[in-house]
Amino acid sequence: MNAFATPASASKSRFRELKVVTKVRESSIITSFHLEPVEPEGWRPFEAGQFLVFRFPVREGKDFVLRNYSVSSSPERKGSYRITVKREAAPRADVPGGVSSCHLHDHVEVGDVLTAEGPRGDFVLDRQSSRPVVLLSGGVGLTPLVSMLHALAGTQRRVFFIHACENGEVHALRDEVEALAASRPGMAVHFCYRFPTDADRAAGCHHSEGVITRELLQSLLPLDDYDFYLCGPSPFMQAVHGILRGLGVPRQRISYEFFGPATLLEAPAEPAPVQTPPLAPAAVLDGAMTVEFRKSGRKGVWNPAAESLLAFAEDQGLEPEFSCRAGVCGTCKSKLLAGEVAYFEEPLDDLAPGEVLLCCSKPQGPIVLDI
Ligand SMILES: Cc1cc2nc3c(=O)[nH]c(=O)nc-3n(C[C@H](O)[C@H](O)[C@H](O)COP(=O)(O)OP(=O)(O)OC[C@H]3O[C@@H](n4cnc5c(N)ncnc54)[C@H](O)[C@@H]3O)c2cc1C
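Residues numbered from 1 in each chain as written. Predicted model: local features only at pLDDT ≥ 70, side-chain atom pairs only at ≥ 80, totals over all residues. Heavy atoms only, no water.

Trainee: Teacher, can you tell me more about the sheet that holds strand β8 (residues 159-165) here?
Mentor: Remark on secondary structure: sheet strands pair via backbone hydrogen bonds, oriented parallel or antiparallel. Here six strands make up an open sheet; going across it, the order is β10-β9-β8-β7-β11-β12 and the pairing parallel. Each edge of the open sheet carries a strand with a single partner, namely β10 (208-209) and β12 (254-257). By the bridge criterion, six bridges tie strand β7 (residues 133-138) to β8 in an arrangement that is parallel. Note that in β8 the partner of V133 across the bridge is V159. Docked against the sheet, helix α2 (residues 142-153) engages β7, β8, β9 (187-193) and β11 (227-231), running at close to 155 degrees with respect to β7. (Pairing = 2+ DSSP bridges. Helix = DSSP H or I, 4+ residues; strand = E, 2+ residues; numbered from the N terminus. Contact = heavy atoms within 4.5 Å. Axes fitted to C-alpha atoms, helices over the stretch in contact; angles between N-to-C directions.)

Trainee: Help me understand the environment of L310 in this model?
Mentor: Relative to the helices and strands, L310 is located in helix α7 (residues 309-315). In this structure L310 comes out as buried when scored by relative accessible area, which is 0%. Between the alpha carbons of L310 and P320 there is a distance of 7.2 Å; along the sequence they are 10 residues apart. If sequence neighbours within four positions are ignored, L310 has contacts with P320, F322, R325, L358 and C359. (Buried < 20%, exposed > 50% of the residue type's maximum accessible area, 1.4 Å probe, protein only.)

Trainee: Mind showing me how you'd approach the pairing of strand β14 (residues 298-301) here?
Mentor: Consecutive side chains of a regular strand alternate in pointing toward one face of the sheet and then the other. In this structure, strand β13 (residues 290-293) lies alongside β14, joined through four bridges in antiparallel fashion. Following the sheet pairing, E292 is matched in β14 by K299. Following β13, the chain reverses through four residues before pairing antiparallel with β14; G297 in that reversal takes a positive phi of roughly 70 degrees.

Trainee: Please clarify how the sheet that holds strand β19 (residues 367-369) should be interpreted in this entry.
Mentor: Taken together, five strands build an open sheet; the order of strands is β14-β13-β19-β15-β17 and the sheet is mixed. The open sheet has two edge strands with one neighbour each: β14 and β17 (355-357). Each strand axis lies, on average, 35 degrees off the axis of its neighbour in the sheet, ignoring direction. In terms of strand pairing, strand β15 (residues 333-338) meets β19 through two bridges, oriented antiparallel. Its bridge partner being in β19, A338 is matched across the sheet by V368.

Trainee: It is not clear to me how the state of the cysteines should be interpreted in this structure. Could you clarify?
Mentor: Among covalent bonds in proteins, the disulfide is the one between the sulfur atoms of two cysteines. A full pass over the atoms with the stated rule returns zero disulfides. Considering cysteine sulfurs only, C332 is the nearest to C359, which forms no disulfide, with 3.7 Å between them. Judged by its relative accessible area of 6%, C359 is buried. (Disulfide = S-S within 2.5 Å.)

Trainee: Would you mind showing me how to read helix α3 (residues 174-181) here?
Mentor: Helical geometry: 3.6 residues make up each α-helical turn, so side chains three or four residues apart lie on a common side. Turning to α3, its buried residues number three or more, namely V177, L180 and A181. Along the axis of α3, the buried residues cluster in a sector spanning 95 degrees; they form a single face. Opposite its buried face, α3 presents the exposed residues D175 and A179, each directed more than 90 degrees away. Where α3 is buried, its residues touch α2, β8 and β9. (Arc of directions from axis to C-beta.)

Trainee: Mind showing me how you'd approach the packing of aromatic side chains here?
Mentor: Given two aromatic rings, their pairing is described by the distance between the two centres and the angle made by the two planes. Tallied over the entire structure, the rule returns 11 aromatic pairs. Consider the rings of F46 and Y81, whose centres lie 5.7 Å apart with planes at 50 degrees: the pair is tilted. Note that F46 is positioned in the loop between β2 (30-37) and β3 (51-57) and Y81 in strand β5 (residues 81-86), a separation of 35 residues in sequence. Across the pair, exposure class does not vary: F46 and Y81 are buried alike. (Phe/Tyr/Trp six-rings, centres within 6.5 Å; stacked < 30°, edge-to-face > 60°.)

Structure, rendered in structure tokens:
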């Protein structure tokens, strides 16, 4: 049993134990772990695109880190999950390598037990849609999209799987993607290598060189109304999102997931007009609730259609930090100076008094936030 064994404190939470049943090296830097629940009821169905939250003790019995890993296997494969993890090596000699990814790669073996919660996340296929689908990934960002590809293989929808990475040495799950695409008509694959090796060129395992450009997408995608799903590193996301918007793809047709702190994909909308009436006790205006962002000096009337306080803050032109948008990572944690909120998704970790997670809460009355 390794140092990342299940802590006793996890047993009474929604975390459960998942045993590593297979470990597969997918590329020089990416490894898959096939996981099965120790208790049969530990397997919960997932939607293609969702992720599990893993709890790793940093030191035996001491602090924990939480890390998300998308499920890369088919949602039809009941009873097991596969996660596919890139080893985040130290960028410099004076800093440590990635805590969880290096541990998974270097120390976790078949038979070890991990502790995980979920599946979670709303980066999922729109099953009601019959539009053709474009799955666009960069690097290890392909993991949720491979799960989506599995799900789409069982439908009639046209699918374009476009993946960009450095070269064949780091390209994970290539054979699986090609086999899926070949499993029925209407599924096309394109691999774009930035720095193909001589071996890649000899083997002809990529379709284009360089990065994904507007011209490349135009040449690959016949004019149509597509659902786009993007996942990759921030520069990839910014570039591809910009290209798609430039091609006239409406915002609502582009779904995306960031694997780290999210970056702005485009300039924020103009802030909604600041509400001039003073806050409490006149904070409830015609039955509407006000939300004051004290540090920013902004106030607005709560929009009941807003998905969350985070979305509302963004609508007001603010840019709070966020990552998972699912109550997991804590990146959007803020101080609640007055008022009360209700959670529509329970935060994974306990919050201290006066703290609020913006991504999974809504106000219950007039509130004041310290942002
Ligand atoms: C929704 C979601 C899904 C995800 N799915 C996947 C997935 O399917 N596959 C996957 O591989 N990842 C995925 N991720 C990313 C994953 O959650 C982790 O963020 C990633 O594995 C890095 O975690 P770590 O603990 O290894 O690295 P960390 O310990 O968080 O370190 C990150 C990097 O910072 C460097 N670093 C550490 N200290 C310093 C310092 N002082 N100065 C400079 N650099 C430093 C480390 O060397 C490392 O390269 C997902 C993330 C999200 C939010």
